[in-house]
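Read off the chains here:
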Amino acid sequence: MKKRLLAIAISAIAAFPAFAEYPDKPITLVVPFAAGGPTDKVARDFAEAMRKQLGNVAIAVDNSGGAGGTLGAAKAARAANDGYTLLLHHVSMATSPALYRKLPYDTLNGFEYLGLINEVPMTVISKKTLPATNFAELRKWLEANASKTNLANAGIGSASHLCGLMLQNALKLEVQTIPYKGTAPAMTDLIGGQVDVMCDQTTNTTAQIEGDMVRAYAVTTQKRLKTPALAALPTLDESGLKGFNVSIWHGLFAPKGTPKAITDKLNAALKVALKDPAFVKSQEGLGAVIISDARVNGPEHKKFVEAEIQKWGAVIKAAGQTAE
Ligand code: ASP
């Protein structure tokens, strides 16, 4: 009798694999930009905080950079919807619909939205040998040297592309843009002097500014930052570009159709991870602001991205940028 009961119990477990505790194997977190860059930094800090909430399961970061983050997003959209592939992406989710004629995924319907993570300001920086020491001088230098200036970015649709586009638009000039798979390799070339200027998240630039590896001119948010390394930097708004305001966000996504029991568990883990002291300390030290409002929930995250698509679509159109 006991044996029969055991057999029934075993077959019941086999018939309902959902009863197996999720996660019971490593999770892959797709980061659609190069290793060592700003999105990668957020992702690795966040993965560590999430790991503690998910039974210490390994979370392996998969850097799939290229085409402004659209290649990595497509890879995640196509992955099995079993909770073992997730995507950590940023504002490119909202800029790419206006910049690509045909995206290899459906931004709003191809993913489960699991919650927003943080917002990150950007900084305008240059190679050390560029002869401008403040934004007014940089502006003059760019006006005089536009035709030979190289502006690095992480590809069309990336945050650095968006910021560079808005900067060129505000300054009414056009420079040569050099796309990379992320701003980590772009930073290497900026430090080496192969490219001239870049606009990049503080999660990548703070250490380089502190270490005096690059020149920093301004922050892209309307208010100055409180982070010690960046507090002295003026805003672009106060430097003459009235109304300039770019702050980018990161969010967590899963392939469409990932079971609700799993997305609920991931969302609950995300909410606790965002309060993880080590995560908060690391991110705030780099100028990031952790989300603490309703956008930590999937539906509000999705609504926010929908609004961002409208917002950036209009800005990109006004800047005269056409889709690739
Ligand atoms: N900073 C990049 C961007 O411009 C992203 C990255 O390289 O992580 O979007």
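Below is a summary of the structure that appears in this document. Remember, predicted model here, so these are calculated numbers, not experimental data.

### Remarks on the packing of helix α5 (residues 135-145) against helix α6 (residues 159-171)
At a minimum axis distance of 11 Å, the contact between α5 and α6 shows a crossing angle of 80 degrees. For the element pair α5 / α6, the angle class is roughly perpendicular. Side by side, α5 and α6 meet where Phe135, Arg139 and Leu142 of the first sit next to Leu167, Ala170 and Leu171 of the second. By residue class, the composition of the contact of α5 with α6 is 5 nonpolar, no polar and 1 charged.

### Observations regarding the packing of aromatic side chains
Here the structure, examined in full by the defined rule, presents 6 aromatic pairs. Aromatic side chains Tyr22 and Tyr84 sit 5.2 Å apart centroid to centroid with 65 degrees between the ring planes, which places their arrangement in the edge-to-face category. Here Tyr22 is found in the loop between α1 (2-15) and β1 (27-31), whereas its partner Tyr84 is found in the loop between α3 (70-78) and β3 (85-90), with 62 residues between them in sequence. Take Tyr22 and Tyr84: they sit in the same class, and that class is buried. Ring plane angle 70 degrees and centroid distance 5.8 Å describe the contact between Tyr105 and Phe111, whose orientation is recorded as edge-to-face. In this structure, Tyr105 and Phe111 share a single accessibility class: buried. Here the aromatic residues Tyr105, Phe111, Tyr113 and Phe253 are joined through ring pairs into a cluster of three or more. Sitting above the plane of the Tyr84 ring, Lys25 keeps its charged end 4.6 Å from the centroid. Above the ring of Phe304, the side-chain terminus of Arg295 is found at 4.8 Å from the ring centroid.

Cut-offs and rules
For every chain, the first residue of the written sequence is number 1, and numbering continues from 1 onward in sequence order. Side-chain atom pairs in this predicted model are given and counted only at pLDDT of 80 or more, local residue features only at pLDDT of at least 70, and totals for whole chains, interfaces and linings cover all residues. The side-chain values count all of the structure's non-hydrogen atoms but skip hydrogen atoms and water molecules. What counts as an axis is a line fitted to C-alpha atoms, over the stretch in contact for a helix, and the angles between N-to-C directions run from 0 to 180 degrees. In DSSP terms, a helix is any run of H or I states spanning at least four residues, a strand is any run of E spanning at least two, and both are numbered starting from the N terminus. Orientation categories follow fixed angle ranges, with anything under 35 degrees roughly parallel, anything over 145 roughly antiparallel, 65 to 115 roughly perpendicular, and all other angles oblique. Should any heavy atoms of two residues lie within 4.5 Å, those residues are considered in contact. In this classification, Asp, Glu, Lys and Arg are treated as charged, Ala, Val, Leu, Ile, Met, Phe, Trp, Tyr, Cys and Pro as nonpolar, and every other residue, Gly included, as polar. Any two of the Phe, Tyr and Trp rings considered here, Trp counted by its six-membered ring, make a pair once their centres fall within 6.5 Å; the pair's planes then place it as stacked at under 30 degrees, edge-to-face at over 60, or tilted in between. Buried means the residue's accessible area, taken with a 1.4 Å probe over protein chains only, is under 20% of the maximum for its type, while exposed means over 50%, and partly exposed covers the values in between. Lysine and arginine charges are scored as sitting over a ring when NZ or CZ, respectively, is within 6 Å of the ring centre and within 35 degrees of the ring normal.

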